[in-house]
Structure formats: structure tokens, C-alpha cells
Amino acid sequence: MTEVPKVTIHHLEVRFQVDGDDGAVFTRLFNQHIQAWAKLYEDQCARAKHTETERRFGDAEGQS
């Protein structure tokens, strides 16, 4: 699997109004969205790997 690119966040300001524990709501929403991002990234990596595998297979057939 391809290594996940490193991201540095220098400044992050989040404002929202919720009923209950703000920190818990932020954590839940952050986790939900970071997991969705990670899934998209993993899918993109898998597609790229599959494409590269097919390209190599096609190149190998041409050498016969």
C-alpha cells in the first residue's frame, strides 16, 4: 500500500454550536470524516495499483 502523505495543520479553528459535550461531538464528526477520507484514499491507491498491474501485464504480453 502507498504511504499516506503527511499533512501538517498549522492553524485550525472550528466553531459549532451543539447540545451536549462539544468535544465529543467534534471528535465523532472528525473521526467520521477522516475515516471517509481514508477510505477514498485507499480506494484511489488500489485503483492505481490495479492499473499499474494491468499495464505491466500488457507490456509482458507484447514481449512474447
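About the criteria used
- Residues numbered from 1 in each chain as written.
- Predicted model: local features only at pLDDT ≥ 70, side-chain atom pairs only at ≥ 80, totals over all residues.
- Heavy atoms only, no water.
- Salt bridge = Lys/Arg side-chain N within 4 Å of Asp/Glu carboxyl O.
- Buried < 20%, exposed > 50% of the residue type's maximum accessible area, 1.4 Å probe, protein only.
- Helix = DSSP H or I, 4+ residues; strand = E, 2+ residues; numbered from the N terminus.
- Phe/Tyr/Trp six-rings, centres within 6.5 Å; stacked < 30°, edge-to-face > 60°.

Caption draft 1: Representation of the pattern of salt bridges. As enumerated under the stated definition, the model contains four salt bridges in all. For Arg-15, the salt bridge goes to Glu-13, with nearest N and O atoms at 2.5 Å. What makes Arg-15 exposed here is its relative accessible area of 72%. In this structure, Asp-43 and Lys-39 form a salt bridge, with 2.9 Å as the shortest nitrogen-oxygen distance. One end of the pair is Asp-43 and the other is Lys-39, both in helix α1 (residues 22–62) and four residues apart, which spans about a single turn. In the salt-bridge network here, residues are joined through shared partners; they are Glu-52, Arg-55 and Arg-56.

Caption draft 2: Just the packing of aromatic side chains, in detail. Summed over all chains, the structure comprises two aromatic pairs. Arranged with centres 5.9 Å apart and planes meeting at 25 degrees, the rings of Phe-26 and Phe-30 form a pair that is stacked. On the criterion of helical spacing, the pair formed by Phe-26 and Phe-30 is a turn pair, its members being four residues apart in helix α1. For Phe-26, a relative accessible area of 30% corresponds to the partly exposed category.

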